[in-house]
Amino acid sequence: MLRTFSVKWLGISALVLSPAVGYGQATQAQTHTVRHGDTLWELARQYRGDPFLWPDIYRMNTAVVEDPHWIYPGEVLHLAGESMAAVPAVDTPELPTTTASQASVAQVSDTTAPSIEPEPAVTKPEVAHQASLAELSQVESRGDEPAPLFGPKPSRSLEETIRASTEKDYRPLRRSEFYSSGFLTEKQQLPWAKVLGPVTPSQIGSSVVNNAMPFRTIAIEAPHGATYQIGDTLLLARRGPEWNSYGEVILPTGLARVTDTISGRYLASVVAMYGPIRPGQSALPAEKFTPAGSAHAVGVSDGVHGKYLGGPVRQDLKTPQMVAFIDKGRQDGVAAGDIFEIRRKGERLDDGSQTANEVLATLQIVHVRDHSATGRLLNILLPDIPPGSEVRQVAKLPS
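Here is what the cut-offs are and how they apply
- Residues numbered from 1 in each chain as written.
- Predicted model: local features only at pLDDT ≥ 70, side-chain atom pairs only at ≥ 80, totals over all residues.
- Heavy atoms only, no water.
- Helix = DSSP H or I, 4+ residues; strand = E, 2+ residues; numbered from the N terminus.
- Buried < 20%, exposed > 50% of the residue type's maximum accessible area, 1.4 Å probe, protein only.
- Contact = heavy atoms within 4.5 Å.
- Areas by Shrake-Rupley, 256 points an atom, 1.4 Å probe, with all protein chains shown as cover.
- Polar contact = N/O pair within 3.5 Å; in protein donor to acceptor, adjacent residues only side chain to side chain.
- Arc of directions from axis to C-beta.
- pLDDT = per-residue confidence, 0-100.
- Phe/Tyr/Trp six-rings, centres within 6.5 Å; stacked < 30°, edge-to-face > 60°.
- Core = buried A, V, L, I, M, F, W, Y, C linked by side-chain atoms within 4.5 Å.
- Salt bridge = Lys/Arg side-chain N within 4 Å of Asp/Glu carboxyl O.
- Pairing = 2+ DSSP bridges.

1. Things to note about the overall build of the protein
Thought 1: Counting secondary structure elements, the protein contains eight helices and 16 strands.
Thought 2: Counting across all 399 residues of the protein, residues that qualify as buried make up 36%.
Thought 3: Partitioning the contacts of the protein with sequence separation of at least 6, the portion at a separation of at least 24 is 66%.
Thought 4: Working note: accessible area of the protein is about 23900 Å², and carbon and sulfur atoms make up 55% of it.

2. Let's talk about the side chain of H32
Thought 1: You can see H32 is positioned in strand β1 (residues 31-33).
Thought 2: Looking at H32, its side chain comes within polar contact range of the side chain of D38, at 2.8 Å.
Thought 3: A distance of 2.8 Å separates the side chain of H32 from the side chain of Y47, its partner in a polar contact.
Thought 4: In this structure, H32 is in contact with D38, L43, Y47, E75, V76, L77 and L79, ignoring residues within four places of it in sequence.

3. Notes on helix α3 (residues 40-47)
Thought 1: Within the span of α3, buried status applies to L40, L43, A44 and Y47. Across the axial projection of α3, the buried residues extend over an arc of 100°, all falling on one side.
Thought 2: In the segment just after α3, G49 is the residue with positive phi, at about 80°.

4. Examining the environment of E177
Thought 1: Following the sequence through the fold, E177 ends up in helix α8 (residues 175-180).
Thought 2: In this structure, E177 is in contact with Q321, Q364, V366 and R376, ignoring residues within four places of it in sequence.

5. Looking at the confidence of the model for the protein
Thought 1: Per-residue pLDDT for the protein has a mean of 75; in total, 68% of the residues score no lower than 70.
Thought 2: Counting contacts from residues 1-27, a segment whose pLDDT is below 50, to residues more than four positions away or on other chains yields twelve contacts.
Thought 3: Low pLDDT, under 50, characterises residues 98-143; the stretch is placed with 50 contacts to residues that sit more than four places away or in other chains.

6. Comments concerning the packing of aromatic side chains
Thought 1: Counted by the stated rule, this structure contains five aromatic pairs.
Thought 2: Aromatic side chains Y228 and Y266 sit 5.1 Å apart centroid to centroid with 55° between the ring planes, which places their arrangement in the tilted category. Of this pair, Y228 sits in the loop between β5 (217-221) and β6 (233-242) while Y266 sits in strand β8 (residues 265-273), and the two are 38 residues apart along the sequence. Each member of the pair, Y228 as well as Y266, carries the same accessibility label: buried.
Thought 3: By the ring-pair criterion, three or more aromatic residues cluster together here, those being F178, Y179 and F289.

7. Details of the nonpolar core
Thought 1: In terms of nonpolar packing, the biggest core is built from 17 residues, with I326, V334, F340, I342, L363 and I365 touching the most fellow members.
Thought 2: Looking at this core element by element, the count peaks at five residues for strand β14 (residues 358-368).
Thought 3: Excluding anything up to four places from it in sequence, I342 contacts Y308, E358, V359, L360, A361, L377, I385, S389, E390 and V391.

8. Re unusual backbone geometry
Thought 1: In this structure, K187 takes a positive phi of about 65° despite not being glycine.
Thought 2: Along the chain, K187 turns up in the loop between β3 (183-184) and β4 (193-198).
Thought 3: The exposure class assigned to K187 is partly exposed, which follows from its relative accessible area of 48%.
Thought 4: Its identity is not glycine, yet Q321 carries a phi of approximately 75°, on the positive side.
Thought 5: Structurally, Q321 is set in the loop between β11 (305-310) and β12 (323-326).
Thought 6: Among the residues examined, Q321 registers a relative accessible area of 36% and is labelled partly exposed.

9. Re the pattern of salt bridges
Thought 1: The final tally for this structure, using the stated rule, is ten salt bridges.
Thought 2: With its nearest N and O atoms 2.7 Å apart, the salt bridge here joins D370 to R330. Of this pair, D370 sits in the loop between β14 and β15 (373-380) while R330 is found in the loop between β12 and β13 (339-344), placing the two residues 40 residues apart along the sequence.
Thought 3: Judged by its relative accessible area of 45%, R330 is partly exposed.
Thought 4: Between E358 and R344 there is a salt bridge; the shortest N-O distance is 3.2 Å. Here E358, found in strand β14, pairs with R344, found in strand β13; they are 14 residues apart in sequence, far enough to count as distant.
Thought 5: Given the relative accessible area of 25%, R344 is considered partly exposed.

10. With respect to the environment of L190
Thought 1: Within the secondary structure, L190 is located in the loop between β3 and β4.
Thought 2: Once you skip the residues sitting within four places of it in the chain, L190 turns out to touch F183, T185, L284 and R369.

11. A few points about the pairing of β11
Thought 1: Bridge count between β11 and strand β16 (residues 390-396): three bridges; the pairing is antiparallel. Residue pairing for β16: G306 is matched across the bridge by V391.
Thought 2: Relative to β12, β11 is paired through two bridges, and the arrangement is antiparallel. Looking at the pairing, G310 lines up with F325 of β12.

Have a look at this one:
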């Protein structure tokens, strides 16, 4: 009797703790609002019952999630859709013995087929995600080979993952490039705050000196007379050397969102990293990023002419996506998304040689100030681009 009692209780416990039960409940949700600490891996475990199905959720939210490695609190992710669990939720049950009448009900009716002796019906195992039953029963295009029982073949899974990464809506401007590329201050006095460093636990008095990681809490001291509101986003940055009349070079290291205030100082959570975030760096309210839709830039024939100033750090040979500055800005008609050519003028050198008038590289503007602009190098034809080279606006985004 004791053995029977233990086995019964063990069976009841297994039923209560079965992952299929929790998974069935989780799949009822249509959306999920990202919270602090969420990852696509954990959301796939919660809503799909299998963390390896995180590309499933990513594919349905490419308009919201730019990089699957980074999701941010407040983003609303859609969960509706079909997926296949990597492993069946329950074991295949034993074949039960049924009566002839029960077997005839289980058989597929066919009025043209001759009457035959009914066979015992096979009870189908309960599947956690009923929407995938049709997929599991499909036959691959190669002959009569049935589809794998444990999800799509690895080759097809890889193909779908690559397609999800490449088949995205075109975006002429990206939020991460806008905030990470930096700018020139143009001698403007900006309201710089001071980064005091990571805080663990959430106390201003922490003396730990190390790099802050994503979602880590940092302490910030606002400039005299300035106040922040909870929810404000701050740009964290290193302040570089001065460039003549163009002011300091600003090198962003991340973004932080204000979460609390203690004794006149502020606590903020790191929501993006572009470089090491360390004590002593500066912070100021982040500018608002305005998406530019999905239109491509349109060519212009009488665009703005200016000069290439160089990059934030010395690099003689230029590479794609390198940051570069030009000496024309908002007041000259430059806007984010504009395309510039960097050109070399044809001239005769002191040694008697002649240089050709040729294109060195193309540059897309990602951040604009009054008298200067920041761009990212796109196509590079000749990597040796000296400061002072001519830049010529060749395309603009439709307004």
